[in-house]
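Spelled out, the chains give:
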Amino acid sequence: MGSWQDEVRGALDGLAYGARSALSPSVLHGAAVELGWLTTHLAMYPLGLVSRSPALPARLNLTGLGPVQRGLLVSDIQAAGTPILLAHGIIDNHTVFAMMRRHLVRRGFSSIHTFSYSPLTLDVRRTAERMGREIEAICEASGSDQIHVIGHSLGGLIARYYIQRLGGDARVHSCVTLGTPHQGTLAAKLLPWPLVKQVRPDSDLMAELDEPAPGCRTRFVAFYSDVDQLIVPQRRARIRHPDLVASNVRVHGVGHLSLPFHGEVVHRITGVLAHLDDEEPKTA
């Protein structure tokens, strides 16, 4: 059987999997929430096309800060001063992190940057190389030896490739991913776009990420949703690699696009990054 027939079969398998649970209460609720966030995000999206989200410079004094922000600076000045890089998903821009940025600032983080790439991007590897150059520039400008990365969807996969395959674990202390196809997604078989092909379960990129990564120092936290419409099946958003220090956090009833906006997810991320030396328990 030809390769195109295999791709069609894989796509149909993915659709059948999704159809089996499409009318469950949790999926319907997640779809309603997703629609609300999508409407809000679509209204903000054009702003990301005409301007880049400005980096917030590091701030290590207490003037004008509220009790929560003061608490982080007093308890862990290193955590407060570690830069954070936000990487959006495919066909998106920095506006998807609007709520995330606000919560991070309230928590006491202020060195916050965004990494953007074109929806016409064709290769995760080359984009990861560019992310690496941007991280080096941020570290040099801030004087920090390390950085945190928060990646939504493909943004998380770009960050993981940089960390795992390009030596980025020397720079990235913690990498948080939201709905990232760490093990590929059957939904990617529906589109022949070169970039989308790279997130198919049987792609060369997935095989490369399965290769050994001894000594990788970065701490990973992967959030995945039980109703994610784009990661099929949803468990493929978990990190399963023997050499990576990774916690997988299951979120209930939250759609793919809603993950960066979801209050519980945002709260847990700020908690993870506020405690540099703490490790969350590994979850299924």
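Sequence order sets the numbering: in each chain, residues are counted from 1 along the sequence as written. Whole-chain, interface and lining totals are the exception, using all residues; otherwise, since this is a predicted model, local features are given only for residues with pLDDT of at least 70 and side-chain atom pairs are given and counted only at 80 or more. By convention in this description, side-chain values take in all heavy atoms of the structure and omit both hydrogens and water.

A. Fine view of the side chain of Ser111. As for its placement among the helices and strands, Ser111 is situated in the loop between helix H5 (98-107) and strand S2 (112-115). The definition of a polar contact used here is a pair of N or O atoms within 3.5 Å, where within protein one atom must be able to donate a hydrogen and the other to accept one, and adjacent residues in sequence count solely through side-chain atom pairs. Of note is the side chain of Ser111, whose polar atom sits 3.3 Å from the side chain of His113. Runs of E in the DSSP output that reach at least two residues are strands. Runs of H or I that reach at least four are helices, and both are numbered from the N terminus.

B. Highlighting helix H6 (residues 124-142). Expected helix span is computed as 1.5 Å times (number of residues minus one). The terminal C-alpha atoms of H6 lie 26 Å apart, and with 19 residues this matches the ideal 27 Å at 1.5 Å per residue to within 8%. Measuring from the backbone nitrogen of Arg125 back to the side-chain oxygen at the start of H6 gives 3.2 Å, which picks out Asp123 as the cap. Just downstream of H6 lies Gly143, where phi reads positive at about 80°.

C. Here's a closer look at helix H10 (residues 263-274). The end-to-end C-alpha separation of H10 is 17 Å, in line with the 16 Å expected for twelve residues at 1.5 Å each. Only protein chains enter the accessibility calculation, which uses a 1.4 Å probe; a residue is then buried when its area is under 20% of its type maximum, exposed when over 50%, and partly exposed in between. Among the residues of H10, those classed as buried are Val265, Val266, Ile269, Thr270, Val272, Leu273 and Ala274.

D. Structural context of the nonpolar core. In plain words, nonpolar cores are sets of buried Ala, Val, Leu, Ile, Met, Phe, Trp, Tyr and Cys residues tied together by side-chain atoms within 4.5 Å. Counting 35 residues, the largest nonpolar core has Leu85, Met131, Ile135, Leu154, Val172 and Phe220 as the members making the most contacts within it. When contributions to this core are tallied by element, the ones reaching two or more residues are strand S1 (84-87), H6, strand S3 (147-152), helix H7 (154-165), strand S4 (172-178), helix H8 (194-197), helix H9 (204-209) and strand S5 (219-225). Here the element with the most residues in this core is H7; it accounts for seven residues. Residue contacts are defined here by distance: any two heavy atoms, one from each residue, within 4.5 Å place the two residues in contact. Setting aside residues up to four positions removed in sequence, Phe220 forms contacts with Arg160, Ile163, Cys175, Ile239, Leu244, Val245, Ala246 and Ser247. Counting 25 residues, the second-largest nonpolar core is a separate cluster that includes Leu178, Phe223, Val254 and Phe261.

E. Summary view of the state of the cysteines. Disulfide assignment relies on a single distance test, namely cysteine sulfur atoms paired within 2.5 Å. The tally for this structure, following the rule as stated, stands at zero disulfides. No disulfide involves Cys216; its sulfur sits 9.5 Å from that of Cys175, the nearest cysteine. Classification of Cys216 as buried rests on a relative accessible area of 11%.

F. Quick peek at the sheet that holds strand S6 (residues 245-251). Two strands are counted as paired when DSSP detects at least two bridges linking them. Strand order in the open sheet made by the six strands is S2-S1-S3-S4-S5-S6, with parallel pairing throughout. Single-partner strands in this sheet number two, and they are S2 and S6. Put simply, the sheet's adjacent strands are angled 15° from each other on average, direction ignored. Note that S3 and S4 share six bridges and pair parallel. Pairing of Ile150 across the sheet is with Val176, part of S4. The strands that H6 touches are S1, S2, S3 and S4; relative to S2, the one it contacts most, it runs at about 160°. To obtain an axis, a line is fitted to C-alpha atoms, over the contacting stretch when the element is a helix, and the angle between two such axes runs from 0 to 180 degrees between their N-to-C directions. Running over the sheet, H7 touches S1, S3, S4 and S5 and is turned about 140° from S3.

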